[in-house]
Amino acid sequence: MPIVVTGPVNRAVRELVEDGTDPRDRAGFVTDPRRAVVVADDRQAPAAGSGPSAQDLVTVRAYEAAPAPFASTGAPFASSGAPFGPTGAALPLVEALGAPTGAFLTALRHAEQHCRTGGEEVALAQAPGRDVVLVGAGVVNLLTAWYLVRAGHRLRILDARPDPRTALPWTAYGCSRGGGGARMFTLTEADDYHARTAADRPFVNGVFRRSLGARGWNVKATPFTAEEERWISQFEAVPGWLAQIYNDDILSFNRESRKLWRTLREECPGLFEDVEYTPGVLRLYTDGAQLEQSAQRHAGLGALRAVLDPKELRRRHPGLAGATGDLAGGLEVPGFTVDVHAFMARLVTRLEQAGAVFRWSTPVERLERAADGRLHGLRLPGEVVTADSYVFSPGAYGRELLAGTRSAGRIHGVLGVWMELPNLAPELRHSLKIARRGHLTEDANVTLGTDGRGRPVLIVGSGYGYTGADPADIEPAALERMFAAVEDTCRQFFPEAYARAIADGSLRRGRRLCVRPWTSANLGVLETLPTTADGVGVITGGHNTGGFAQAPSVAQAVVAALKGRPHPMHELYHPLRLERFLHPAGDGHAWPRTPAASGASVGSAASAALPAGQVLR
């Protein structure tokens, strides 16, 4: 069988082929992730066009185990010139050998690391100025503003929505203020949602295509657009080993944020006054196997305080005594919750006192760029606003604003819904995470709070509904089904409170929804853009359910960029990280074409088309 090998790792691959070594027994052979390797036989050559990407460490054994032809999966994102590679056929070539371990996994990690930024230098401020404009006043950007003002910057903050301290209907606000007034920090927030095994991937990674009735997340009222098809295809293409790398990176920022939250409380205690700050989180499980797995995982993270069986759970937490839902047990873990509406109000007031200027109900139409592409200002109705640097955090509502950036088309929306229950005696004293494996709303947060009259309430939030690029594209019947599923959780775990809320009508009056920003990689986004003032524009977002949890770490990354210093998030949350790994040809390393119609043999065709390559027999 002829084997065509091209690219800068010819020697390493040749040695592997000649001595028959399994790649998992050889470390360090991926010396350059932008290499190309083709394995073909006389019966089926790879199709013309872009071919396997950096993660496809193709060997003779891998190809013989999965002899599928390569094929393109479609067009690129509108904002990228990168052709999509053969994800559907290429990924099984790696997984044909089973889950990568040892040296093979080391090589894969090495390849992924070199694809993160495409060899580019991250844009940082060259002559850091003090004047900064922030676009978006959700909780992440408000906390970023707090760190910036403490670092000596002059701030102007623009938001298309009203002042969050006002008492307008919740529909007038964005995700942070419009959704339920609850946010939670634990060390496992913003977990990656991709499957970890090849066997699970078709079902788990296919969640965005399936309806709620088929245990999926699709709640769109309209068919998928071409952009949404591409976004979903990228989510589906992520193999388990890569998802684990991403998850490790996400959790590293959770650990950083844990320290930063603690320091913030010590240095700025006034921010946490009258915001329902509640330390400690209780995780509940209805499935014993899931409880055991989660206990092991939290213990490995150093985030496990106690494992409770059902009897001990109800004894230590009498607020759960009336729960009728099946309980396998619970875990007490470190973390905290706050009333995010009150917390935002505190931040806005303190920022104003520090000199920040807010402009509410002020939409930004687009970014203004100079002829050389650098960011020059912001187009508002009737004016252009300029500054030294800019920070953008539009959540799931930044489609038009981010046009022309690398973040464009990469942040889509996922719906969540909220309800309130009275916190009846004996009151619940800790906020909860409830895991109901197999339920329509598998994960629910129950956060301690107070209503408008100061009475104790439980704020119940749950649900995952993909809205795609348009956060308003929600099918009404799907929304009602999601609310009904959350009601079921309320009824099973707090039956008396549920009955009271039904009777007085507060359950229905307290219904809210929010649309959270997600990416197909499940990583957050942090993009930097040079400005004409030698400052930097920074785009943040896409943190799925972990924006609040990671907000201090995001703020540190922004401050570092404005000070001209690197931060790990600049690389790990690069908006093209996943695409550059799956499809490195888009960065100028296109797959060599095999002229199948020429009538030449595979070996001679490759020799003619690839003068730098070798043909091994």
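Residues numbered from 1 in each chain as written. Predicted model: local features only at pLDDT ≥ 70, side-chain atom pairs only at ≥ 80, totals over all residues. Heavy atoms only, no water.

Turning to its location among the elements, Trp 146 is positioned in helix H5 (residues 139-150). For Trp 146 and Arg 350, which are 204 residues apart along the polypeptide, the C-alpha to C-alpha distance reads 8.4 Å. In this structure, Trp 146 is in contact with Leu 264, Cys 268, Leu 271, Leu 347, Arg 350 and Leu 351, ignoring residues within four places of it in sequence. (Helix = DSSP H or I, 4+ residues; strand = E, 2+ residues; numbered from the N terminus. Contact = heavy atoms within 4.5 Å.)

So, about the nonpolar core. Judged by nonpolar contacts, the single largest core of 71 residues is most densely connected at Leu 148, Leu 155, Trp 261, Leu 264, Phe 343 and Leu 351. Sequence-distant contacts of Trp 261, that is, excluding residues within four places in its chain, are made with Leu 143, Phe 185, Phe 272, Phe 336, Phe 343, Phe 548, Ala 549 and Pro 552. By size, the runner-up hydrophobic cluster in this structure holds 37 residues, among which are Leu 308, Val 486, Tyr 498 and Leu 507. (Core = buried A, V, L, I, M, F, W, Y, C linked by side-chain atoms within 4.5 Å. Buried < 20%, exposed > 50% of the residue type's maximum accessible area, 1.4 Å probe, protein only.)

With 18 residues, helix H13 (residues 476-493) should cover 26 Å at 1.5 Å per step; its first-to-last C-alpha distance of 26 Å lies within 8% of that length. All of the buried residues along H13 are Ala 478, Leu 479, Met 482, Phe 483, Ala 485, Val 486, Glu 487, Asp 488, Thr 489, Cys 490 and Phe 493. With a side-chain oxygen lying 3.0 Å from the backbone nitrogen of Ala 477, the N-terminal cap of H13 falls on Glu 475. (Expected span 1.5 Å × (residues − 1). Polar contact = N/O pair within 3.5 Å; in protein donor to acceptor, adjacent residues only side chain to side chain.)

Now for the packing of aromatic side chains. Applying the stated criterion to the full structure yields 25 aromatic pairs. Ring plane angle 75° and centroid distance 5.3 Å describe the contact between Phe 208 and Trp 217, whose orientation is recorded as edge-to-face. Residue classification places Trp 217 among the buried positions, given a relative accessible area of 11%. Judged by centre distance (6.3 Å) and plane angle (15°), the rings of Tyr 390 and Phe 392 are stacked. Judged by relative accessible area, which is 0%, Tyr 390 ranks as buried. In this structure an aromatic cluster arises from ring pairing among Tyr 193, Phe 208, Trp 217, Phe 224, Trp 231, Phe 235, Tyr 464, Tyr 466 and Trp 518. Positioned over the ring face of Phe 203 is Arg 210, at 3.9 Å from the centre of the ring. Note that Arg 511 overlies the ring of Phe 483, its terminal NZ or CZ placed 4.0 Å from the centroid. (Phe/Tyr/Trp six-rings, centres within 6.5 Å; stacked < 30°, edge-to-face > 60°. Lys NZ or Arg CZ within 6 Å of the ring centre and 35° of its normal.)

All right, on to empty space enclosed by the protein then. Across all of its chains, the model carries three cavities of 30 Å³ or more by this definition. Taken as a whole, the largest cavity encloses approximately 130 Å³ of empty space. (1 Å grid on protein atoms, 1.4 Å probe; cavity = no way out; pocket = protein on both sides within 12 Å on 5 of 7 lines; lining within 4 Å. Points joined across faces, edges and corners; volume = space filled by probe spheres on them.)

What follows is about the layout of surface pockets. Considered as a void within the structure, the second largest pocket measures approximately 790 Å³ in volume. Contributing to the lining of the second largest pocket are 31 residues, with Glu 420, Thr 450, Asp 451, Gly 452 and Val 457 lying nearest its centre. Secondary-structure elements contributing two or more residues to the lining of the second largest pocket are helix H12 (340-353), strand S14 (412-422), strand S17 (456-468), helix H14 (495-504) and helix H15 (506-509). Of all the elements, S14 adds the most residues to the lining of the second largest pocket, at five residues. For the lining of the second largest pocket, the residue count by class is ten nonpolar, nine polar and twelve charged. (Nonpolar A, V, L, I, M, F, W, Y, C, P; charged D, E, K, R; others polar.)

Enumeration according to the criterion identifies 30 salt bridges in this entry. The closest approach of N and O atoms between Arg 209 and Glu 236, which form a salt bridge, is 2.6 Å. On the criterion of sequence distance, the pair formed by Arg 209 in the loop between helix H7 (201-204) and helix H8 (226-237) and Glu 236 in helix H8 is long-range, its members being 27 residues apart. Taking relative accessible area as the criterion, Arg 209 reaches 32% and is therefore assigned partly exposed. On the accessibility criterion, Glu 236 (22% relative accessible area) is partly exposed. Across the pair Asp 473 and Lys 220 runs a salt bridge whose closest N-O atoms are separated by 2.5 Å. Of this pair, Asp 473 sits in the loop between S17 and H13 while Lys 220 sits in the loop between H7 and H8, and the two are 253 residues apart along the sequence. Here Asp 473 matches Lys 220 in class, with each residue buried. Taken together, the shared-partner salt bridges connect Glu 312, Arg 315, Arg 316 and Glu 332 into one network. (Salt bridge = Lys/Arg side-chain N within 4 Å of Asp/Glu carboxyl O.)

Read these as layout, nothing more, since geometry by itself doesn't imply function.
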